[in-house]
Each structure stands twice: as C-alpha cells, then as structure tokens.
Amino acid sequence: MNQDSRAITPEDTQDSGVSSPVELPIGGGPARDVTPVIPDILPLLPIRNSVIFPGTVMPLGVNREKSKRLMDAVLASESKMLAVVTQKNPDIEEPTFDDIYRTGVACLVMKLLRMREGGQNAIIHGLVRVRIEELVQTEPYWTARVTVLRPEVVDNNELEALIHSVRSGSQRVIELSPNIPDEAVNVLSTIEDPSALADFVAANLAESVEERQDLLETTDVLERLKKVNARLVQRIDVLEISKKIQDQARSQIEKSQREYFLQEQLKAIQKELGELDSRQAEAEELRQRAKKVKMPPEVDAEFNRQLERLERLPQASPEYSVSRDHLEWLLSLPWSSGTKDNLDINRAAEILDQDHYDLERVKKRILEFLAVRKLQPAGRGPILCLLGPPGVGKTSLGQSIARALGRKFLRMSLGGVRDEADIRGHRRTYIGAMPGRIIQDIRAAGSNNPVFMLDEVDKIGADFRGDPSSALLEVLDPEQNRNFVDHYLGVPFDLSKVLFIGTANWADPIPAPLRDRMEVIDIPGYTILEKTKIARRYLILRQVTQNGLQADQLEITDEALDDLIGNYTREAGVRNLEREIAAVCRVAAADIARNGPKTHKVTRENLADYIGPARFVPEAALRAGVPGVVTGMAYTPVGGEIIFIEATSMPGTGGLILTGQIGNVMRESAQAAFSLVRSKPKAYLGKNSKNPLRGLDVHIHVPAGAVPKDGPSAGVAMFTSLVSLLSNKAARVDVAMTGEITLRGIVLPIGGVKEKVLAAHRAGIRTIILPKQNEKDLIDIHDEVRQQITFHFVETVEEVIKIALGKPPGKTAKPRVKHTATGSNSSPSKRLPAGRSGSRPSASRRSSGRH
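Residues numbered from 1 in each chain as written. Predicted model: local features only at pLDDT ≥ 70, side-chain atom pairs only at ≥ 80, totals over all residues. Heavy atoms only, no water.

### Topic: the overall build of the protein chain
Piece 1. A count of helical and extended segments in the protein chain gives 28 helices and 27 strands.
Piece 2. For the protein chain, the computed accessible surface area is about 39900 Å², with 51% contributed by carbon and sulfur atoms. (Helix = DSSP H or I, 4+ residues; strand = E, 2+ residues; numbered from the N terminus. Areas by Shrake-Rupley, 256 points an atom, 1.4 Å probe, with all protein chains shown as cover.)

### Comments concerning unusual backbone geometry
Across residues other than glycine, the phi torsion is negative in most instances, and most of the peptide bonds are trans.
Piece 1. Residue proline 140 follows glutamate 139 across a cis peptide bond; omega there is 0°.
Piece 2. Secondary-structure assignment places proline 140 in the loop between strand 7 (120-137) and strand 8 (143-149).
Piece 3. Residue asparagine 49 is not a glycine yet carries a positive backbone phi of 65°.
Piece 4. Looking at where asparagine 49 falls in the secondary structure, it is placed in the loop between strand 3 (41-47) and strand 4 (56-62).
Piece 5. For asparagine 49, a relative accessible area of 41% puts it in the partly exposed group.
Piece 6. One non-glycine residue, asparagine 728, adopts positive backbone phi at about 60°.
Piece 7. Following the sequence through the fold, asparagine 728 ends up in the loop between helix 25 (715-727) and strand 22 (735-737).
Piece 8. When its relative accessible area of 60% is taken as the criterion, asparagine 728 is described as exposed. (Buried < 20%, exposed > 50% of the residue type's maximum accessible area, 1.4 Å probe, protein only.)

### A word on the sheet that holds strand 11 (residues 451-455)
Piece 1. Spatial ordering of the open sheet is given by 10-11-14-9-15, a layout of 5 strands whose pairing is parallel. In this open sheet, the two strands that pair with only one neighbour each are strand 10 (409-413) and strand 15 (519-522). Neighbour-to-neighbour, the strand axes of the sheet open up by a mean angle of 20°, direction not taken into account.
Piece 2. Sheet analysis places strand 9 (residues 384-387) next to strand 15, joined by 4 bridges and oriented parallel. Residue pairing in the sheet places cysteine 385 in a bridge with valine 520 of strand 15.
Piece 3. Contacts from helix 13 (residues 394-405) reach strand 9, strand 10, strand 11 and strand 14 (499-504), with the element oriented near 175° to strand 11. (Pairing = 2+ DSSP bridges. Axes fitted to C-alpha atoms, helices over the stretch in contact; angles between N-to-C directions. Contact = heavy atoms within 4.5 Å.)

### A look at helix 12 (residues 360-375)
Piece 1. For helix 12, spanning 16 residues, the distance from its first C-alpha to its last is 23 Å, which sits close to the expected 22 Å at 1.5 Å a residue.
Piece 2. Of the positions making up helix 12, those classed as buried are Val362, Lys363, Arg365, Ile366, Phe369, Leu370 and Arg373. For helix 12, the arc enclosing every buried residue in end-on projection is 160°, short of the 170-degree limit, so these residues lie on one face. Exposed and facing more than 90 degrees away from the buried side of helix 12 are Arg361, Lys364, Val372, Lys374 and Leu375.
Piece 3. The elements touched by buried residues of helix 12 are helix 11 (345-355), strand 9, helix 13, strand 14 and strand 15. (Expected span 1.5 Å × (residues − 1). Arc of directions from axis to C-beta.)

### Some thoughts on the pattern of salt bridges
Side-chain pairs of opposite charge can arise whenever the charged atoms involved come near each other.
Piece 1. Counted according to the given criterion, the structure contains 41 salt bridges.
Piece 2. Of the charged contacts, one joins arginine 172 and glutamate 240 as a salt bridge, the two residues approaching to 3.4 Å between their closest N and O atoms. Taken together, the residues arginine 172 in helix 3 (residues 157-176) and glutamate 240 in helix 7 (residues 221-273) connect sequence positions 68 residues apart.
Piece 3. A residue is classified by how much of its surface remains accessible, and glutamate 240, at 35% relative accessible area, is partly exposed.
Piece 4. For aspartate 563, the salt bridge goes to arginine 604, with nearest N and O atoms at 3.2 Å. On the criterion of sequence distance, the pair formed by aspartate 563 in helix 19 (residues 558-567) and arginine 604 in the loop between strand 17 (600-602) and helix 21 (607-611) is long-range, its members being 41 residues apart.
Piece 5. Judged by relative accessible area, which is 15%, aspartate 563 ranks as buried. (Salt bridge = Lys/Arg side-chain N within 4 Å of Asp/Glu carboxyl O.)

### Let's talk about the packing of aromatic side chains
Piece 1. Applying the stated criterion across every chain, the model contains 5 aromatic pairs.
Piece 2. Seen from their ring centres, tyrosine 684 and phenylalanine 719 are 5.1 Å apart, and the 90° between their planes marks the pair as edge-to-face. With tyrosine 684 in helix 24 (residues 681-685) and phenylalanine 719 in helix 25, this pair connects stretches of sequence that are 35 residues apart.
Piece 3. A relative accessible area of 0% places phenylalanine 719 in the buried class.
Piece 4. Ring centres of phenylalanine 791 and phenylalanine 793 lie 6.2 Å apart, and the angle between their planes is 15°; this geometry places the pair in the stacked category. (Phe/Tyr/Trp six-rings, centres within 6.5 Å; stacked < 30°, edge-to-face > 60°.)

### A closer look at the environment of proline 708
Piece 1. Looking at the secondary structure, you find proline 708 in the loop between strand 21 (696-701) and helix 25.
Piece 2. Relative accessible area serves as the criterion here: at 33%, proline 708 is assigned to the partly exposed category.
Piece 3. Note: C-alpha distance between proline 708 and glutamine 661 (47 residues apart in sequence) is 5.2 Å.

### Considerations on helix 19
Piece 1. Looking at helix 19, one finds that the buried residues are Ala560, Leu561, Asp563, Leu564 and Ile565.
Piece 2. Packed against the buried residues of helix 19 are helix 18 (528-546), strand 16 (554-556), helix 20 (575-595), strand 17 and helix 21.

### Quick notes on the environment of glutamine 440
Piece 1. Tracing the backbone through its elements, the reader meets glutamine 440 in helix 15 (residues 437-445).
Piece 2. Residue classification places glutamine 440 among the partly exposed residues on the basis of a relative accessible area of 24%.
Piece 3. When the C-alpha atoms of glutamine 440 and leucine 333 are compared, they prove to be 8.9 Å apart, with 107 residues separating the residues in sequence.
Piece 4. The residues touching glutamine 440, leaving out its near neighbours within four places in the chain, are Trp329, Met434 and Pro435.

### Some details on the packing of helix 23 (residues 664-679) against helix 25
Piece 1. In the contact formed by helix 23 and helix 25, the axes pass within 9 Å of each other and the chain directions differ by 40°. Relative to helix 25, the element helix 23 is oriented oblique. You can see that helix 23 and helix 25 cross each other, and the crossing is right-handed. Contacts from Met666, Ser669, Ala670, Ala673, Phe674, Leu676 and Val677 in helix 23 reach Gly715, Met718, Phe719, Leu722, Val723 and Leu726 in helix 25.
Piece 2. Its residues placed into classes, the contact of helix 23 with helix 25 shows 11 nonpolar, 2 polar and no charged. (Parallel < 35°, antiparallel > 145°, perpendicular 65-115°, else oblique. Left-handed = near helix turned anticlockwise from the far one by under 90°. Nonpolar A, V, L, I, M, F, W, Y, C, P; charged D, E, K, R; others polar.)

### Topic: the side chain of threonine 86
Piece 1. As for its placement among the helices and strands, threonine 86 is situated in strand 5 (residues 81-86).
Piece 2. For threonine 86, a relative accessible area of 2% corresponds to the buried category.
Piece 3. One polar contact links the side chain of threonine 86 to the main-chain carbonyl oxygen of serine 50, over a distance of 2.8 Å.
Piece 4. When near neighbours in sequence (up to four residues on either side) are disregarded, threonine 86 contacts Ile47, Ser50, Val51, Ile100, Tyr101, Val209 and Gln213. (Polar contact = N/O pair within 3.5 Å; in protein donor to acceptor, adjacent residues only side chain to side chain.)

### Here's the deal with the packing of helix 18 against helix 20
Piece 1. Between helix 18 and helix 20, whose axes approach to 10 Å, the crossing angle comes to 45°. Here helix 18 lies oblique to helix 20, going by the angle between them. Here the hand of the crossing between helix 18 and helix 20 comes out right-handed. In this structure, helix 18 contributes Lys531, Ala535, Leu539, Ile540, Arg542, Gln543 and Val544 to the contact, and helix 20 contributes Leu577, Glu578, Ile581, Ala582 and Cys585.
Piece 2. Its residues assigned to classes, the contact of helix 18 with helix 20 comprises 8 nonpolar, 1 polar and 3 charged.

What follows is the structure, encoded as structure tokens:
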C-alpha cells in the first residue's frame with residue numbers, strides 16, 4: 001500500500017492527480033448500485049503523474065487555464081460530472097488527443113477550492129470506467145464522447161480464492177506499514193464487490209503511472225485481481241525485508257546501549273575498588289611512553305588530546321583501533337633522536353675516494369657541506385640533485401655520502417609514483433590509512449637526520465589522484481620542511497635535519513618549481529680510460545667475489561677489457577660493462593665447478609668464446625666519405641651520441657623531404673639550412689654555381705628512424721650535408737660538428753657539450769667543430785680527452801664549410817685548439833641551458849643498438 005503522504009504543491013499538481021495515500025473508498029459494493037447515469041458526452045480533463053480509480057476520492061490540482069474553464073463549466077452543470085484521463089507524457093504542457101490514454105474514469109466533482117495564487121484544488125469522486133471514443137470539441141475546453149466500461153465478473157472458486165488472497169495480502173501490508181492506520185483493515189472488510197476491492201487496493205499501491213493505468217484498463221475482474229495480488233506479494237517481500245533490517249539495527253543499538261551501561265557500571269565499581277580496566281591501563285602505558293619520546297610541545301598537546309578521546313571510546317568501537325594506531329605512530333617516530341655527524345673531513349674524503357672514482361664535483365660539494373656543518377652545526381643541509389645518465393654511480397654515491405657522514409641511508413624510488421598520498425599520506429578518515437613514504441622510512445630508520453635519496457625524480461607521474469611533484473615542493477624547501485605535515489599524522493614533523501639527495505637522468509621532465517629547490521650537480525659519462533680504471537678498481541673484484549671465484553682464478557687483460565668497453569657496451573656509465581664482466585665470471589665459474597680449479601685468462605683473442613661476438617660496430621666503420629653524409633653529435637638522457645646526417649637529391653620541383661622521425665624543432669633547423677643554401681648558392685657552392693636546386697628535390701634523412709629526435713643543434717650538420725651534396729664534395733670523415741644556425745649564417749651556442757665531446761671521443765673522432773660561444777665549456781672536459789681532440793670554434797657557416805669540406809691536415813705531434821675568426825664577431829651571446837638544445841634522440845635509442 002502507498003505509505004507516502006504528500007501535500008498538494010503547484011510544482012507537483014499542474015492539472016495532475018496527486019498521488020494521495022488517503023484515497024477513500026465511497027461505499028464499496030453498494031455505492032455501485034446507486035451510480036448516477038453517465039451522459040454520453042462529458043467534459044474531458046487530462047491529468048499528469050496519477051491515475052484515478054472508480055470508487056475513490058482524490059484531490060486534484062488545477063492550474064492550466066483551459067482546465068480552469070472546464071471546472072467552472074462542470075460546477076455550473078446539473079450533473080457536475082467530467083471524464084478524467086492520464087497523459088502519457090507528463091512534460092507536455094498542451095496535450096493532443098494522441099497524448100492521452102483512451103481509458104479513464106467518469107468522476108463527480110464534490111468540491112472546488114480557489115487558492116489565492118490563482119490555482120484551484122478540486123475534490124473528485126471516481127464513479128465508473130469509461131472509454132474515450134472521440135473528441136467532440138477542443139475549445140474553450142475538451143469534451144468527448146464516452147462509453148461506460150462495465151466490469152466483467154465470472155463467479156467461481158478461483159475468484160473467491162483471489163478475493164481472499166488480496167484481502168489477506170492487503171491486511172499484511174497494513175501490518176508491516178506503520179504509517180497506514182489500522183482503520184484501513186475495517187474499510188477492507190466492508191468491500192464485498194470484487195471489482196471495487198481490486199480498484200481500492202490498486203489505488204493505494206505505490207506503483208508507477210504505467211502500471212496503475214494497466215490495472216485501470218483491465219476490465220476483467222479476475223485478471224485484475226491476479227495483477228493486484230502479484231503486486232501485493234512483491235510489496236510484502238520488500239516490507240518484510242525492510243522490517244528485518246530495522247529489527248536487526250534496533251537490536252544492535254539496544255545491545256550497544258546495554259554494553260555501554262554495563263561498562264559504565266564496571267568502571268564505577270573498579271574506581272571504588274582502586275582497580276584499572278584494560279582500556280585505562282593501555283592509556284596509562286601510552287602516557288608513560290610519551291614522556292620518554294620527548295615530542296615537541298604542539299605534538300605533545302595533540303597526543304594528549306587524542307589520548308583523552310581514546311579513553312572515552314568503547315574498545316568495541318571501530319574508531320578505537322584507528323585512534324590507537326595513530327597514537328602508536330606518534331610514539332614511534334624519532335622526534336628527538338638522530339645520529340651524530342662524523343665531521344672528520346679527511347676521513348670523509350677517503351671514504352668517498354674508496355667507493356667512487358673521479359666525481360670530483362660531487363665529492364667537493366659534500367666536503368664543503370661537512371666543513372660548513374663543522375663551523376655552523378645549526379646550519380641547514382643542502383638539497384642536492386645528481387643529474388646524469390644511467391650507470392654513472394648516482395645511487396651508490398648516496399650510500400657513500402651516508403657512510404662518510406655516519407648517518408642512516410634511506411632510498412625512495414619515485415619512478416612511476418602517481419599518487420600524492422605516497423608523499424603526504426592518507427587522511428585517517430579512510431579505511432587502511434597510513435602515513436606517506438617519507439614518514440614511514442624515517443620511522444624505520446629510527447633517526448631524524450638520515451641521508452634520504454629520492455631516486456628517479458624525473459620519472460614522477462601525475463593523474464587524478466594528485467601530483468606528487470607538487471607535494472615534494474614542501475619536502476624539499478628548507479624554509480618549509482621544518483614543519484612538514486603528513487595527512488595521517490596531522491602534526492608537523494621537522495625534516496630540516498634530513499639530507500635529501502635527488503637523482504635524475506634528464507632535467508627536462510622535472511617541473512621548474514621543483515628543480516629550483518634543488519642544487520643540481522651534473523655527473524657526465526665516463527671516458528674510456530675512466531671506465532678502465534673503474535673496472536680494475538671495483539667492477540672486476542666485485543663480480544669475482546659475487547660469482548664465487550678466487551682472485552687468482554680469473555685474469556682479464558687490458559686489451560680484452562678495452563674490447564669489452566668499446567665493442568660490447570655503448571653507454572655513458574658502467575652498468576652494462578659490469579654486466580658483461582659478470583657474464584665472463586659466470587662462464588669461468590661454470591667451468592671451474594665442472595672441471596676443477598684453474599686460472600682463466602681472458603684475452604682479446606678468446607673474449608668471444610666467453611660472451612659471444614662483438615655487439616657494436618665502431619662508428620668509424622659507419623662513416624663514409626661520400627657527398628651528402630656528415631657526422632653530427634647529440635645529447636640524450638643516457639649520455640652523448642654521434643648521429644649521421646644524410647642528404648640526397650632527385651629530379652623534382654625544389655622541395656625538401658625530411659625523414660628519420662625528427663621533431664618540429666629539428667625540422668625547422670633543416671628548413672633554415674635549406675633556405676640558407678638557396679639564398680646564397682654562389683657563396684657556399686662556388687662563384688660559377690647557378691641555382692643547383694632548380695628542378696631538384698632534396699631528401700634529408702637521420703638514420704635510426706625508429707628513434708624520436710629533436711633539437712636545434714643539428715642545424716650546422718644539416719647545412720654542411722646540403723653543401724656537401726650540392727657541391728659534390730665529400731665531408732671529412734674525421735670531423736664531427738654541432739651548433740644551431742640562423743638565416744644569416746651565424747652559428748649559435750648549444751648545450752650538452754661535454755656529453756657530446758665524450759661521445760665523439762668514444763667513436764674515435766679527433767676533430768670537432770663547436771660554436772665559438774661554447775669555448776668556455778671545455779673546462780668541464782677531462783684533460784685526457786682535450787689533449788686528443790682538435791677543436792675548431794666557429795662563428796659562421798662559412799668557417800664550417802672550410803673545415804668540414806677541406807682536406808684533412810697532416811699528422812701533428814699534438815692536437816690543437818683552433819680559433820677561426822674569419823666570420824663576424826657580432827654573433828649574439830646566447831647561452832642555452834645544457835640538455836635543452838642538443839639534437840636529442842630519446843632514451844629509447846637503446847633499442848637501435850646505439851648507446
């Protein structure tokens with residue numbers, strides 16, 4: 001039965017029958033015997049959102065002007081009758097004949113109330129079902145020809161059974177519905193007519209308009225009772241489940257109240273006896289532990305407030321365990337405990353030298369930090385970021401720094417972290433909440449001043465859960481991290497004593513605000529000589545030990561080690577080199593385990609027997625002295641590389657074709673080079689040269705087409721490739737070049753000089769062309785490399801052509817640094833940041849076999 005009770009509102013009842021739960025039966029069966037005669041033509045009133053049934057009385061809101069005119073006419077008539085039908089779509093303001101159902105009810109208007117707002121409320125009494133045959137008039141209101149639909153009743157046992165079932169089902173609904181008055185049972189018992197019974201129950205069922213209309217259109221009383229009975233059964237199931245849920249909830253509440261009452265009584269008895277219950281004993285234990293931890297005042301105040309709240313909570317409450325865990329976290333953090341720094345600078349320098357070869361800039365910075373800390377113990381620690389290609393020792397350097405300082409070492413990998421909660425933690429309102437990784441690791445270390453390495457800062461992600469890099473801004477800001485608030489703790493924790501060290505392979509992905517908070521220290525790749533020394537000092541000894549060999553059971557000659565570095569690895573660091581050394585050790589270990597102890601001597605001749613044929617062809621073998629091919633240099637996240645720029649021509653219309661998966665910036669450099677050559681063919685190709693591009697298409701290709709490349713520094717190489725092609729002069733194969741060009745032919749500075757020079761040196765190139773404004777960058781290059789390479793610093797492309805397309809000089813006793821000053825001295829002093837201007841193949845270049 002419908003349990004809702006709603007007042008009539010203008011929003012709900014614009015010419016609509018209000019779904020009133022208090023629809024009253026009028027006389028039941030006997031009332032049908034005195035039903036007045038129904039005229040053939042009646043005023044027709046469409047209503048919305050409701051269906052009226054014969055034998056019921058319901059209020060009706062009237063707001064449409066046409067409906068008001070209809071009501072005035074009905075009240076003025078002698079019969080005071082009208083036909084009421086339901087609209088199919090309640091959203092239609094002016095319905096047509098097709099927008100209404102054809103079956104309705106002839107009704108008697110019992111009363112009409114006029115409201116101050118202009119609306120009307122009518123009380124109508126449903127009499128009999130009628131079928132709307134046709135509209136007789138539409139203005140000023142609808143009238144229609146109607147036919148009375150008499151109920152079809154067949155008296156049999158099935159009908160008697162259905163009447164009994166509907167009546168008992170209705171009584172059960174009334175029992176389960178507290179909002180329906182018990183007098184409704186008496187009303188049910190007075191209805192003897194089966195059709196009236198079905199209509200009464202149908203009118204009070206909380207069904208949709210479509211379902212109620214279906215019941216209205218069912219004239220067969222037996223069929224109508226079946227439908228009503230099915231809906232009653234469904235309604236009873238819903239009400240019984242609802243009652244069961246309510247009984248369970250009520251029982252649980254009564255149980256909790258009873259337990260609380262008994263616990264209060266027990267507390268009062270224990271207080272009289274001078275005893276403490278388990279909850280009070282636990283709270284007292286936490287209070288004593290807090291005195292030993294020495295929390296800051298604001299943390300101690302929050303701890304006591306939460307502890308008092310814990311004492312008021314029943315142990316069975318879910319909040320109890322959440323609050324208990326929070327207090328345990330507060331007690332377990334090292335608020336005032338930390339390790340004492342070892343400020344012996346000579347000892348620290350010795351440890352750093354033992355663990356790592358070279359890396360002088362990083363070592364110098366750490367020793368400076370120790371010196372400052374020794375003179376000013378209360379000073380803030382630096383926030384360093386070690387920037388360099390993989391395998392150069394960034395992560396292991398953090399461990400050495402911690403050992404040199406005598407501090408605990410923590411490492412957190414940020415690669416792929418996408419949730420801000422990994423840094424700041426979750427709020428305690430969430431199930432399973434916990435602090436962020438920063439607080440978790442500091443608790444595990446038991447020290448408030450560890451060396452904390454944030455690995456792979458450049459690989460932090462971001463999604464709908466927040467931006468972890470933004471959360472790191474507070475962690476890495478010396479002005480803010482002394483009051484770092486984890487969402488779970490809800491109190492500030494001092495991170496200013498922690499020495500944070502970040503690592504990254506590539507500076508570009510690091511957000512600018514985060515990069516601004518760190519002191520970036522570049523760690524470039526190693527030279528061949530440095531790799532050899534690192535292998536001798538560290539890698540071979542470590543792999544011999546890890547593979548269970550004795551020091552005298554494996555010997556790798558210098559020639560074999562050189563081949564390992566040059567022909568089996570191609571990297572800026574030494575990670576793959578150590579992997580290849582480990583492969584040699586495993587072969588030796590397998591042979592010793594099978595055939596007994598002996599000494600394995602690895603030479604250049606038998607190296608392939610241990611780890612297979614060489615994996616890389618030297619770049620020198622790929623360089624070809626043909627017109628249109630030039631050697632350039634690139635800077636990538638894994639170090640420097642050399643690249644080849646190839647150009648060719650074919651009959652066409654003077655167009656430019658670019659391939660090799662190059663980016664927009666590199667495309668613009670190629671277009672600038674192409675336009676520069678076309679603008680001054682005689683200056684670059686010879687005085688007697690006519691326009692060589694007339695009737696030709698030029699195709700520039702950068703090999704390793706599966707690898708994305710971008711950046712402006714390939715401009716010089718592309719220009720030289722075009723000039724070489726069109727003048728039919730081969731570029732020198734012993735020369736590599738880099739630099740950005742302008743349409744005036746000026747060579748601009750670029751970044752990543754050190755990495756590019758080291759890559760060219762590894763490839764056997766001994767002559768390099770650089771922009772004049774990059775001459776100052778040579779200070780970062782090792783003397784060993786500088787002494788083996790001749791550098792040409794240029795300002796214009798004319799100088800580049802003279803060097804790259806000229807004949808190679810004879811052998812000299814010592815390579816020189818040459819300044820070619822024939823060009824203009826007015827080139828702009830533009831200095832691009834390192835890592836932002838080189839032609840950059842992405843880190844995925846490893847897939848092409850070129851490292």
